[in-house]
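Examining the three-dimensional arrangement
Now for the letters of each chain:
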Amino acid sequence: MKQYIFIITMILLPISASLAQTSCVTPPTCAEMGYTQTESECAGKEIVRCPFDLSVVFCPNDGCDFSEYPLTECPANATCLEFTCGSTTQYQFAQCEIGYIDYDTFWCPQN
């Protein structure tokens, strides 16, 4: 009985190794994962190193994304959400204050 188990194991072992090789996935490159900066480009900032190439880094706080906060000031008679990054503050229109009309144009004329 032990002979059969040994023979079956010896037959299945190369087959399973072959299957494992065909199912391997190539990991993404550092650039594909966003690690495109050097340590000198991120001087004075927080850095995250690529796990595959420690000379390539990413600065997560490299810039500010104001795409959802397009206003440089909150309109009169409006309530806004505020986003500050570094020394810059920008706003997102939320709603008109009570007693003013909201025309979805970032201004609130009096009723």
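Before reading on, note that the structure itself is shown above.
Residues numbered from 1 in each chain as written. Predicted model: local features only at pLDDT ≥ 70, side-chain atom pairs only at ≥ 80, totals over all residues. Heavy atoms only, no water.

Concerning unusual backbone geometry
Unusually for a residue other than glycine, Asn77 sits at a positive phi of about 65°. With respect to the element layout, Asn77 can be found in the loop between strand 2 (57-58) and strand 3 (78-85). Overall, Asn77 belongs to the partly exposed group, its relative accessible area being 27%. (Helix = DSSP H or I, 4+ residues; strand = E, 2+ residues; numbered from the N terminus. Buried < 20%, exposed > 50% of the residue type's maximum accessible area, 1.4 Å probe, protein only.)

Quick word on the state of the cysteines
Throughout this description, disulfide means a covalent bond between two cysteine sulfur atoms. Counted by the stated rule, this structure contains 2 disulfides. Here Cys30 engages in a disulfide with Cys50; their sulfurs sit 1.9 Å apart. Given an S-S torsion of about -75°, the disulfide between Cys30 and Cys50 has left-handed geometry. Within this pair, whereas Cys30 is found in the loop between helix 1 (2-22) and strand 1 (48-49), its partner Cys50 is found in the loop between strand 1 and strand 2, the two being separated by 20 residues in sequence. According to the relative accessible area criterion, Cys30 is buried, its value standing at 10%. Disulfide pairing is shown between Cys74 and Cys80; the S-S distance is 2.2 Å. An S-S torsion of about 85° defines the bridge between Cys74 and Cys80 as right-handed. (Disulfide = S-S within 2.5 Å.)

Some thoughts on the nonpolar core
Among the nonpolar cores identified, the biggest contains 7 residues, and these are Leu71, Ala78, Cys80, Tyr91, Phe93, Cys96 and Cys108. Secondary structure elements with two or more residues in this core: strand 3 and strand 4 (88-96). For this core, the element with the most residues is strand 4, which contributes 3 residues. (Core = buried A, V, L, I, M, F, W, Y, C linked by side-chain atoms within 4.5 Å.)

Structural notes on the pattern of salt bridges
By the definition in use, this model includes 1 salt bridge. Put simply, Glu39 and Arg49 hold a salt bridge, and the shortest N to O gap is 3.0 Å. In this pair, Glu39 sits in the loop between helix 1 and strand 1 while Arg49 sits in strand 1, placing the two residues 10 residues apart along the sequence. Taking the relative accessible area as the measure of exposure, Glu39 reaches 44% and is therefore partly exposed. Under the relative-accessibility criterion, Arg49 is labelled partly exposed at 36%. (Salt bridge = Lys/Arg side-chain N within 4 Å of Asp/Glu carboxyl O.)

A word on the pairing of strand 3
Here 8 bridges tie strand 3 to strand 4, and the two strands are oriented antiparallel to one another. Across the sheet, residue Leu81 finds its bridge partner in strand 4, namely Gln92. Linkage of strand 3 to strand 4, two consecutive antiparallel strands, is achieved through a turn of 2 residues, within which Gly86 is found at a positive phi near 65°. (Pairing = 2+ DSSP bridges.)

A look at the packing of aromatic side chains
This model, assessed by the stated rule, comprises 2 aromatic pairs. Geometrically, the ring pair formed by Phe66 and Phe83 is edge-to-face, given 5.3 Å between the ring centres and 70° between the ring planes. Pair noted here: Phe66 is in the loop between strand 2 and strand 3 and Phe83 is in strand 3, with a separation of 17 residues, a long-range link. The exposure class assigned to Phe66 is buried, which follows from its relative accessible area of 18%. Classification of Phe83 as partly exposed rests on a relative accessible area of 27%. When the centroid spacing of 5.3 Å and the interplanar angle of 25° are considered together, the rings of Tyr69 and Phe83 count as stacked. Here Tyr69, found in the loop between strand 2 and strand 3, pairs with Phe83, found in strand 3; they are 14 residues apart in sequence, far enough to count as distant. (Phe/Tyr/Trp six-rings, centres within 6.5 Å; stacked < 30°, edge-to-face > 60°.)

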